Amino acid sequence: MEFLKLAEQRYSERAFDKAHPIEEEKLSKILEAGRLAPTACNFQPQKVYVLKSNDALWKAAKLTHTYDAPIVLLVCYDLNTVWKNAREEGYNAGEQDASIVATSMMFEAEDLGIHSIWLRGFNSKLVSESFELPENIKPAMMLAIGYPSESSAPSPRHSDRKPLTDTVEEL
Ligand SMILES: Cc1cc2nc3c(=O)[nH]c(=O)nc-3n(C[C@H](O)[C@H](O)[C@H](O)COP(=O)(O)O)c2cc1C
């Protein structure tokens with residue numbers, strides 16, 4: 001689909017059809033879109049955990065609202081491989097790398113008719129503890145994906161976007 005149309009039709013899904021599983025072939029395409037995403041210096045520090053067992057989904061739902069999604073992708077980055085900025089002490093591109101990976105997966109899912117919602121309402125430390133992540137793996141966001149249920153609808157604020165004149169400025 002033409003990209004702007006895809007961007008226009010996407011909305012955050014908050015009513016997944018838990019009983020409708022995602023086909024393995026489609027999940028592979030979604031993960032492939034993340035693999036192809038650019039990352040700083042092409043260091044590819046991302047680590048994507050596919051949460052789909054009952055136990056993993058239950059843990060995720062205790063950490064943040066996952067809206068009954070049949071799959072939650074926990075997107076993390078590896079502190080050992082992430083690009084660090086020599087011109088700015090303490091800065092690394094992990095959140096940005098993870099974001100572009102998650103965004104690529106979000107739009108590939110949308111193109112396949114699979115809805116999604118980006119989730120950050122969790123406590124990183126609790127996520128690490130719950131999934132026993134290694135010390136160097138930092139959780140950035142979750143992307144819950146699945147087919148919409150009958151009650152699916154965009155939130156009333158979904159189309160409430162600021163005009164470009166508010167957010168873009170020429171310098
Ligand atoms: C960084 C980020 C964090 C978000 N975290 C959550 C979240 O924890 N829970 C939730 O229900 N929605 C979350 N969202 C979804 C936003 O609320 C949603 O994208 C926004 O309201 C615009 O609505 P739309 O996606 O339907 O266009 C998050 C989105 C982003 C980009």
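Let me sum up the structure you'll find in this document. (Residues numbered from 1 in each chain as written. Predicted model: local features only at pLDDT ≥ 70, side-chain atom pairs only at ≥ 80, totals over all residues. Heavy atoms only, no water.)

1. Brief notes about the sheet that holds strand β1 (residues 46–51)
- Spatial strand order, β1-β2-β4-β3: four strands in an open sheet with antiparallel pairing. Single-partner strands in this sheet number two, and they are β1 and β3 (115–119). Between one strand and the next, the sheet's axes are offset by a mean angle of 25 degrees, whatever the strand orientation.
- Contacts from helix α2 (residues 24–35) reach β1, β2 (71–78) and β4 (137–146), with the element oriented near 165 degrees to β1.
- Contacts from helix α3 (residues 54–63) reach β1, β2 and β4 within the one sheet, and its direction differs from that of β1 by about 110 degrees. (Pairing = 2+ DSSP bridges. Helix = DSSP H or I, 4+ residues; strand = E, 2+ residues; numbered from the N terminus. Axes fitted to C-alpha atoms, helices over the stretch in contact; angles between N-to-C directions. Contact = heavy atoms within 4.5 Å.)

2. So, the pattern of salt bridges
- Taken as a whole, this structure holds five salt bridges when the rule is applied.
- Of the charged contacts, one joins Glu32 and Arg35 as a salt bridge, the two residues approaching to 2.8 Å between their closest N and O atoms. You can see Glu32 and its partner Arg35 sitting in helix α2, three residues apart, about one turn around the helix.
- One salt bridge connects Asp55 with Lys59, and the closest N-O pair in it is separated by 3.7 Å. Taken together, the residues Asp55 and Lys59, both in helix α3 and four residues apart, mark about one turn of the helix.
- Taking relative accessible area as the criterion, Lys59 reaches 23% and is therefore assigned partly exposed. (Salt bridge = Lys/Arg side-chain N within 4 Å of Asp/Glu carboxyl O. Buried < 20%, exposed > 50% of the residue type's maximum accessible area, 1.4 Å probe, protein only.)

3. Re the site of the ligand
- Lining the immediate surroundings of the ligand are Arg10, Tyr11, Ser12, Arg14, Tyr67, Ile117, Trp118, Leu119, Arg120, Gly121, His158 and Arg161.
- Separating an oxygen atom of the ligand from a side-chain N or O atom of Arg14 is a distance of 3.1 Å.
- If the ligand stood free it would expose 620 Å²; the protein chains cover 63% of that surface.
- Among the residues making up the shell around the ligand, the classes are represented as five nonpolar, three polar and four charged. (Near = heavy atom within 4 Å. Polar contact = N/O pair within 3.5 Å; in protein donor to acceptor, adjacent residues only side chain to side chain. Areas by Shrake-Rupley, 256 points an atom, 1.4 Å probe, with all protein chains shown as cover. Nonpolar A, V, L, I, M, F, W, Y, C, P; charged D, E, K, R; others polar.)

4. A short note on the nonpolar core
- One finds Ile30, Leu73, Val75, Met105, Ile114 and Ile145 to be the most contacted residues of the largest nonpolar core, which totals 24 residues.
- If we ignore the near neighbours within four places in the chain, the residues touching Leu73 are Leu27, Ile30, Leu31, Val48, Tyr49, Val50, Met105, Met141, Met142, Leu143 and Ile145.
- Among the nonpolar cores identified, the runner-up in size contains 20 residues, and Leu51, Leu57, Leu63 and Ala144 belong to it. (Core = buried A, V, L, I, M, F, W, Y, C linked by side-chain atoms within 4.5 Å.)

5. Notes on helix α4 (residues 94–111)
- Over its 18 residues, α4 runs 26 Å from end to end, which matches the ideal 26 Å to within 8%, given 1.5 Å per residue.
- For α4, every residue scored as buried is listed here: Gly94, Asp97, Ala98, Val101, Ala102, Met105, Met106, Phe107, Ala109 and Glu110.
- Where α4 is buried, its residues meet α1 (3–9), α2, β1, β2, β3 and β4.
- Downstream of α4 by a residue or two, Gly113 has a phi angle that is positive, lying close to 85 degrees. (Expected span 1.5 Å × (residues − 1).)

6. Structural notes on α3
- By the burial criterion, the buried members of α3 are Ala56, Leu57, Ala60 and Leu63. An end-on view of α3 places all buried positions within 120 degrees of arc, on one side of the element. Of the residues in α3, the exposed ones pointing more than 90 degrees away from the buried face are Asn54, Trp58 and Lys62.
- Packed against the buried residues of α3 are β1, β2, α5 (124–130) and β4. (Arc of directions from axis to C-beta.)

7. A closer look at the pairing of β4
- Burial runs high along β4: nine of the ten residues are buried.
- When β2 meets β4, the two strands line up antiparallel, connected through eight bridges. Each bridged residue has a counterpart across the sheet, and for Ile71 the counterpart in β4 is Ile145.
- Two strands pair when backbone bridges link them, and β3 and β4 are joined in this way by five bridges, in the antiparallel orientation.

8. A closer look at the side chain of Gln46
- Looking at where Gln46 falls in the secondary structure, it is placed in strand β1.
- Taking relative accessible area as the criterion, Gln46 reaches 19% and is therefore assigned buried.
- Here Gln46 is in contact with Gly34, Arg35, Thr39, Cys76, Tyr77 and Val101, once residues within four sequence places are set aside.

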